[in-house]
Amino acid sequence: MLKIAEYNKITGEKVDLEELEKFNFEYDEDNDYWFYYGFTEPNDQSEVRYYIDDKDRRISVGFDIYVNPYKLLDKIYDLIQAGLVEKE
């Protein structure tokens, strides 16, 4: 399982979840999670949804049936490259 690290893997600095805004995530105050919705193809049936729980920092992904599997993890890759993700 993947989650947002407590400390950045590159800089060693403590990770504030507000850094997710740099990756176009938004915070849902009612449900206490960060989310990002995107499309892998130019149609409305290729939506991919990323959720990050505010308490345990776990990452979950939901997607539609027509999502392009080659683009499914692009957003997670960006977070990994920034040093924000660790394996639990």
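Residues numbered from 1 in each chain as written. Predicted model: local features only at pLDDT ≥ 70, side-chain atom pairs only at ≥ 80, totals over all residues. Heavy atoms only, no water.

1. Let's talk about the overall build of the protein chain
Now for step 1: For the protein chain, the helix and strand inventory stands at 1 helix and 6 strands.
Now for step 2: Principal axes of the C-alpha set define a box for the protein chain whose edges measure 40 × 30 × 25 Å.
Now for step 3: The proportion of buried residues among the 88 residues of the protein chain is 38%.
Now for step 4: As presented, the protein chain carries roughly 5900 Å² of accessible surface, and 47% of it is formed by carbon and sulfur atoms.
Now for step 5: Of the side chains in the protein chain, 11 bear a positive and 22 a negative charge, and the two mean positions are spaced by 7 Å. (Helix = DSSP H or I, 4+ residues; strand = E, 2+ residues; numbered from the N terminus. Buried < 20%, exposed > 50% of the residue type's maximum accessible area, 1.4 Å probe, protein only. Areas by Shrake-Rupley, 256 points an atom, 1.4 Å probe, with all protein chains shown as cover. Lys, Arg positive; Asp, Glu negative; His and termini not counted. Charge placed at Lys NZ, Arg CZ, Asp CG, Glu CD.)

2. Observations regarding the pairing of strand S3 (residues 33-39)
Now for step 1: Strand direction decides the pairing type here: strand S2 (residues 26-28) and S3, joined by 3 bridges, are antiparallel. Counted as the bridge partner of Glu26 is Phe35 from S3.
Now for step 2: Where S2 folds back on S3, the antiparallel hairpin that results is connected by 4 residues, among which Asp32 adopts a positive phi of roughly 55 degrees.
Now for step 3: Bridging between S3 and strand S4 (residues 47-53) involves 7 bridges; their strand directions are antiparallel. Bridge assignment links Phe39 to a residue of S4, and that residue is Glu47. (Pairing = 2+ DSSP bridges.)

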